[in-house]
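Chain by chain, the residues run as shown.
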Amino acid sequence: MHPALSVIVFTTASGAGYGLLALLGILAPLGFLPAGSGFGFAATALALAAIAGGLLSSTLHLGHPERAWRAMSQWRSSWLSREGLFAILTFVPAGLFAAVWVLGGSISGILGLLSAVGAAATVYATAMIYASLKPVQRWNNGWVAPNYLAMAAMTGGLWLHLVCRLFGWASTPVAVIAIAATLLALLLKLGYWRFIDGSSAASTPESATGLGSIGKVRLLEAPHTSENYLLEEMGFRIARKHATALRRIAVLGGFVLPLLLTLIAALADGPAGALAAILAAPAASAGMLVERWLFFAEARHTVMLYYGAAVA
């Protein structure tokens, strides 16, 4: 599949924003975070800005962004519509949660919980947009949704840890959550890659045409004599050696480096620990951009069987 920059930025930024919002909604009412309005403003503003920026980025992939609101009309059958509705509905408790914290000086447990539930539901709906597509075997599996949720928790936790250290709050629970979420996300990502590398093709030219009983099916003539939308969007290919190299970059930059930096931040006091925490979150987000690019680039659509692909 052709990796669209707008969708890559959307899923990366909104995932981190929703992960941060969910952790704020849970940890702040429990007293694990600074209760001051300054911290509340910085943390909630960062979360909502990442979410809003990601959502705005997603509209750039549409032919008519001004019609984006129509996508929510099919919520009964479309995960894309459900994602849009969850995103909008989550802004209500999230905005109130931030306002009560920053302007009222108190932290609402109910609004925090509603914000966390809405954030998790939105990330899950985003994952299901891809996991529900049966023509794309590398998305239509049980690994996609857990990966999206874990990576949202990871990036959200790392950004929360960064904000805490900027405010001089060396919170052990936040550091532990960030480390645990990073380890979980890494294990799930490795499991996903192992699954797509080891699973057999869901479709072949024989199964797609129903002519397998006759013998092997081969392409005699291409359906089109020139490039078209399907070839541009669905026929994107990445060389195996490039995919391997990019996987290593994603693992080292997106998971291993942030994990090591967070461990240093948790064990070191003073400027060294703060610097490590400040570096961990941007490193993870940069690694997630590579990981998300691969998520699209490695996907194969069944329609390419009609253009000569051997498997899909």
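Residues numbered from 1 in each chain as written. Predicted model: local features only at pLDDT ≥ 70, side-chain atom pairs only at ≥ 80, totals over all residues. Heavy atoms only, no water.

Let us now look at the side chain of Thr90. Within the secondary structure layout, Thr90 lies in helix α3 (residues 79-102). Sequence-distant contacts of Thr90, defined by excluding residues within four places in its chain, comprise Tyr18, Leu21, Ser115, Gly118, Ala119 and Thr122. (Helix = DSSP H or I, 4+ residues; strand = E, 2+ residues; numbered from the N terminus. Contact = heavy atoms within 4.5 Å.)

Our focus in this paragraph is α3. A rise of 1.5 Å per residue sets the reference length of α3, with its 24 residues, at 34 Å; its end C-alpha atoms lie 33 Å apart and thus fit the reference within 8%. Here α3 has its buried residues at Ser81, Glu83, Gly84, Ala87, Thr90, Pro93, Ala94, Phe97, Ala98 and Trp101. If you check the start of α3, you find a side-chain oxygen 3.2 Å away from the backbone N of Leu80, and it comes from Ser78. (Expected span 1.5 Å × (residues − 1). Buried < 20%, exposed > 50% of the residue type's maximum accessible area, 1.4 Å probe, protein only. Polar contact = N/O pair within 3.5 Å; in protein donor to acceptor, adjacent residues only side chain to side chain.)

Here the focus is the pattern of salt bridges. For the structure shown, the criterion picks out 4 salt bridges. One salt bridge connects Arg247 with Asp197, and the closest N-O pair in it is separated by 2.7 Å. In this pair, Arg247 sits in helix α9 (residues 240-267) while Asp197 sits in helix α6 (residues 172-198), placing the two residues 50 residues apart along the sequence. When its relative accessible area of 37% is taken as the criterion, Asp197 is described as partly exposed. In this structure, Glu298 and Arg247 form a salt bridge, with 2.9 Å as the shortest nitrogen-oxygen distance. One end of the pair, Glu298, is in the segment after α10 (270-297); the other, Arg247, is in helix α9, and 51 residues separate them in sequence. With respect to burial, Glu298 and Arg247 carry one shared label: buried. Each of Lys189, Glu291 and Arg292 takes part in salt bridges that share partners, so that together they form one network. (Salt bridge = Lys/Arg side-chain N within 4 Å of Asp/Glu carboxyl O.)

Within the largest apolar cluster, 69 residues are counted, with the highest numbers of intra-cluster contacts made by Leu24, Leu33, Phe39 and Leu160. Elements that contribute at least two residues to this core include exactly α1 (5-27), α2 (37-59), α3, α4 (109-131), α5 (144-166), α6, α9 and α10. Here this core gets 12 residues from one element, more than from any other, and that element is α5. Ignoring any residue separated from it by four or fewer positions in sequence, one finds Leu24 in contact with Pro29, Leu33, Phe39, Ala43, Thr44, Phe97, Trp101 and Leu160. (Core = buried A, V, L, I, M, F, W, Y, C linked by side-chain atoms within 4.5 Å.)

Bringing the packing of α6 against α9 into the picture now. One can describe the packing of α6 onto α9 by two numbers: an axis separation of 9 Å at closest approach and a directional angle of 165°. Looking at the two axes, α6 sits roughly antiparallel to α9. Relative to α9, the crossing made by α6 is left-handed. Residues Ala175, Ala178, Ile179, Thr182, Leu183, Ala185, Leu186, Lys189, Leu190, Trp193, Ile196 and Asp197 of α6 form the contact with α9, whose own contacting residues are Arg240, Arg247, Ala250, Val251, Phe255, Leu259, Thr262, Leu263 and Ala266. Residue composition of the contact of α6 with α9, by class: 15 nonpolar, 2 polar and 4 charged. (Axes fitted to C-alpha atoms, helices over the stretch in contact; angles between N-to-C directions. Parallel < 35°, antiparallel > 145°, perpendicular 65-115°, else oblique. Left-handed = near helix turned anticlockwise from the far one by under 90°. Nonpolar A, V, L, I, M, F, W, Y, C, P; charged D, E, K, R; others polar.)

Now for the packing of α5 against α10. α10 packs onto α5 with a crossing angle of 155° between their chain directions and a minimal axis gap of 9 Å. Of the possible angle classes, the one that applies to α5 and α10 is roughly antiparallel. Of the two possible hands of crossing, α5 and α10 adopt the one that is left-handed. Split into classes, the residues belonging to the contact of α5 with α10 amount to 17 nonpolar, 5 polar and 3 charged.

Our next topic: empty space enclosed by the protein. Evaluated as defined, the whole model comprises 1 cavity of 30 Å³ or more. What the largest cavity holds in volume is close to 110 Å³. For the largest cavity, the lining is made up of 13 residues, of which Thr11, Gly15, Tyr148, Ala152 and Arg292 are closest to its centre. Taken together, the elements giving at least two residues each to the lining of the largest cavity come down to α1, α4, α5 and α10. Of all the elements, α1 adds the most residues to the lining of the largest cavity, at 5 residues. Of the residues belonging to the lining of the largest cavity, the class tally is 6 nonpolar, 6 polar and 1 charged. (1 Å grid on protein atoms, 1.4 Å probe; cavity = no way out; pocket = protein on both sides within 12 Å on 5 of 7 lines; lining within 4 Å. Points joined across faces, edges and corners; volume = space filled by probe spheres on them.)

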